[in-house]
Amino acid sequence: MAKQLQPVKGTRDLYGSEGRAQRHVVDTADAVSRAYAYDRMETPIFEQVEVFNRPLGESSDVVTKEMFDFQTKGGDHVVLRPENTAGVVRSVISNGLTHDLPGRYFYAGPMFRYERPQAGRYRQFTQIGVELIGPEQPSADVDVIACGWQILAELGLTDHITVHLNTLGDTESRNAYRTELVAYFSDHRNRLSEDSLARLEKNPLRILDSKDEGDRALLPAAPKFVEHLNVLSQDHYGMVKTGLDNLGLPYRHDDTLVRGFDYYCHTAFEFITEQLGAQGTVLGGGRYDGLSKLLGGPQMAGVGWAAGVDRLAMLLGEAPGEPAPVAVVPLGEQAEVVAQKLVFELRARGVRVDMNYSGNMKKRLTRANKVGARQTVILGEDELNAGIALVRDMDGGEQREVPLARLIEELSA
RNA sequence: GCGAUUGUAGCUCAGUUGGUUAGAGCACCGGUUUGUGGUACCGGGGGUCGUGGGUUCGAACCCCAUCAGUCGCCCCA
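As a starting point, this report considers the structure included with it. Only a predicted model underlies this, so the values are computations on that prediction, with no experimental measurement involved. (Residues numbered from 1 in each chain as written. Chains lettered and ligands numbered in written order. Predicted model: local features only at pLDDT ≥ 70, side-chain atom pairs only at ≥ 80, totals over all residues. Heavy atoms only, no water.)

### Let's talk about the sheet that holds strand β10 (residues 281-287)
And then number 1: With mixed pairing, eight strands are arranged side by side in an open sheet as β1-β5-β6-β11-β10-β9-β7-β8. Looking along the sheet, the strands with just one partner apiece sit at the ends: β1 (39-40) and β8 (252-253).
And then number 2: The pairing of strand β7 (residues 161-167) with β8 spans two bridges and is classified as parallel. Note that in β8 the partner of leucine 165 across the bridge is histidine 253.
And then number 3: Contacts from helix α5 (residues 138-154) reach β5 (103-112), β6 (124-134), β7, β9 (265-273), β10 and β11 (301-308) within the one sheet, and its direction differs from that of β11 by about 15°. (Pairing = 2+ DSSP bridges. Helix = DSSP H or I, 4+ residues; strand = E, 2+ residues; numbered from the N terminus. Contact = heavy atoms within 4.5 Å. Axes fitted to C-alpha atoms, helices over the stretch in contact; angles between N-to-C directions.)

Structure, rendered in structure tokens:
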């Protein structure tokens, strides 16, 4: 085995059924997002570092250790995008789309994070996502969540997925809560895990979703975010929930749901499955009203989510396959010429056609069988002289003669 | 970045307490059928046992290192 020709760690090749499953996820998301009147936005896969390091938080892991960054020959410090919300907002600012709000954007493409690969986590992975930029209203949050739900519904995945919902409040509420939380955990400092001691300094909210048993034992008595929301934040959260109720979308309030990036506020949500082990979050997002200003743009509200295509594809099982093709088997030079024209015309009509360019009849029929052909057209000298072709049904093996003139019509059906 | 675990043919795996030319199934190629696939029978190609060191008369098997996969932690989709 030629080990020296393996793909780079954490990357992989996608083809066959796995590739089809991923494409199906993206295609479905694309179709649903159009119904929701989102426009596709393609931003570059790399950006200046500034686009990410401030919005995501200088101390966040993504910035401190997970960015694929490098110097260009011109001396720019650029980074392969680890996520796309900051990129989309940057684009809105760069292109003056701030004057054309609300902006509704859908994207799909590769993201990069330099971290330890494991199931459902790669260094290059594909995300789809939606950003609704401009409106501050809670209905926008509902819009975006509904879109995510609908995509998963059309993929047939909603049975195994729970929507977790929480609020991070506005800046005032969050600061007040953070102060209380730090006070509480500082009192119990000796019972905190090592990881959480670090979080206490960097990102105390993160202690809430710690997986450490000792940490979790402290949570029931910890101050609750919902009890520290100011009126504005309470109203916002309340209206998001009423909005989801109105659409009949199920969700579960989750006190421990926290988002990693600094730009989030108010609504936070994650769609979680039990079926993927530790990588159970399949879609996650929230509101990010402060992001634009962090990028040096105007005050501009926004809400959105991103979903991992790799993870969704894994849940899919079997993706819908391609339709069975028609195979064409010519024998002899003359027949080859006629066959190639025939194949050309069938394909122009959208019929999936496979043809081999070498081999005897046996070999070509074997090939036809392997590609799962439903019918095989056999065209030799004898048939050519008689002005017909043999159409062989690959399931039963029956063959019938079809006049060349009628062939296209017969096979297009 | 940390911890655990695995690494034998394209794929899934055997390989007994270290002992002669490392096996099977599937896949692939050829033949039985030089104009008929999918079933059957016969035959064939393909492996520096992840890599590099070491121990030994002898290593796929024991030791060390390294790389890669998998699972978990951190973090996140």
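We are not done yet, so read on.
### Examining the side chain of arginine 174
And then number 1: Tracing the backbone shows arginine 174 in helix α6 (residues 171-187).
And then number 2: Look at arginine 174: it is buried, it has no salt bridge, and the nearest opposite charge is aspartate 170 at 6.7 Å. (Buried < 20%, exposed > 50% of the residue type's maximum accessible area, 1.4 Å probe, protein only. Lys, Arg positive; Asp, Glu negative; His and termini not counted. Salt bridge = Lys/Arg side-chain N within 4 Å of Asp/Glu carboxyl O.)

### Some words on the nonpolar core
And then number 1: Counting residues in each nonpolar core, the largest one holds 43 residues, and the members touching the most others are Ile128, Phe271, Val282 and Trp305.
And then number 2: In this structure, Met67, Leu219, Phe261 and Tyr264 belong to the second largest nonpolar core, which totals 41 residues. (Core = buried A, V, L, I, M, F, W, Y, C linked by side-chain atoms within 4.5 Å.)

### Topic: a nonpolar patch on the surface
And then number 1: Residues Ile45, Phe46 and Phe70 make up a contiguous nonpolar surface patch of about 250 Å² in total accessible area.
And then number 2: Mapped onto the secondary structure, phenylalanine 46 falls in strand β2 (residues 46-48).
And then number 3: When its relative accessible area of 44% is taken as the criterion, phenylalanine 46 is described as partly exposed. (Patch = residues over 30% accessible without salt bridge, like charges linked within 9 Å, V, L, I, M, F, W, Y side chains within 5 Å. Areas by Shrake-Rupley, 256 points an atom, 1.4 Å probe, with all protein chains shown as cover.)

### Points about the protein's contact with RNA strand B
And then number 1: Of all residues adjacent to RNA strand B, which total 51 residues, the nearest are Arg113, Ala119, Arg199, Arg206 and Asp395.
And then number 2: A share of 53% is what sugar and phosphate atoms reach among the atoms of RNA strand B within 4 Å of the protein.
And then number 3: The backbone of threonine 281 places a nitrogen or oxygen atom 2.6 Å from a sugar or linking oxygen of RNA strand B.
And then number 4: Between a base nitrogen of RNA strand B and a main-chain N or O atom of methionine 394, the distance comes to 2.7 Å.
And then number 5: When contributions to the surface near RNA strand B are tallied by element, the ones reaching two or more residues are β6, α7 (194-202), β10, β11, α13 (361-370), α14 (381-386) and β15 (388-393).
And then number 6: Among the elements that take part in the surface near RNA strand B, α13 stands out by supplying seven residues, more than any other.
And then number 7: Within the surface near RNA strand B, the residues separate by chemical class into 14 nonpolar, 14 polar and 23 charged. (Near = heavy atom within 4 Å. Polar contact = N/O pair within 3.5 Å; in protein donor to acceptor, adjacent residues only side chain to side chain. Nonpolar A, V, L, I, M, F, W, Y, C, P; charged D, E, K, R; others polar.)

### Here we look at the packing of helix α1 (residues 16-35) against α5
And then number 1: Here α1 crosses α5 at 135°, and the two axes come no closer than 9 Å. Considering their axes alone, α1 and α5 lie oblique with respect to each other. For the crossing formed where α1 meets α5, the hand is right-handed. Each of Thr28, Ala29, Val32 and Ser33 in α1 lies in contact with α5, whose residues at this interface are Cys147, Gln150, Ile151 and Glu154.
And then number 2: Taken together, the residues of the contact of α1 with α5 break down into four nonpolar, three polar and one charged. (Parallel < 35°, antiparallel > 145°, perpendicular 65-115°, else oblique. Left-handed = near helix turned anticlockwise from the far one by under 90°.)

### Focus on helix α15 (residues 404-412)
And then number 1: Within α15, burial applies to Leu407, Ile408 and Leu411. Around the axis of α15, the buried residues are gathered within 85° of arc, so they sit on the same side. Across α15 from its buried face, at more than 90 degrees, point the exposed residues Ala405 and Glu409.
And then number 2: At its buried positions, α15 is contacted by β12 (326-330), α12 (333-348), β14 (375-379), β15 and β16 (399-403). (Arc of directions from axis to C-beta.)

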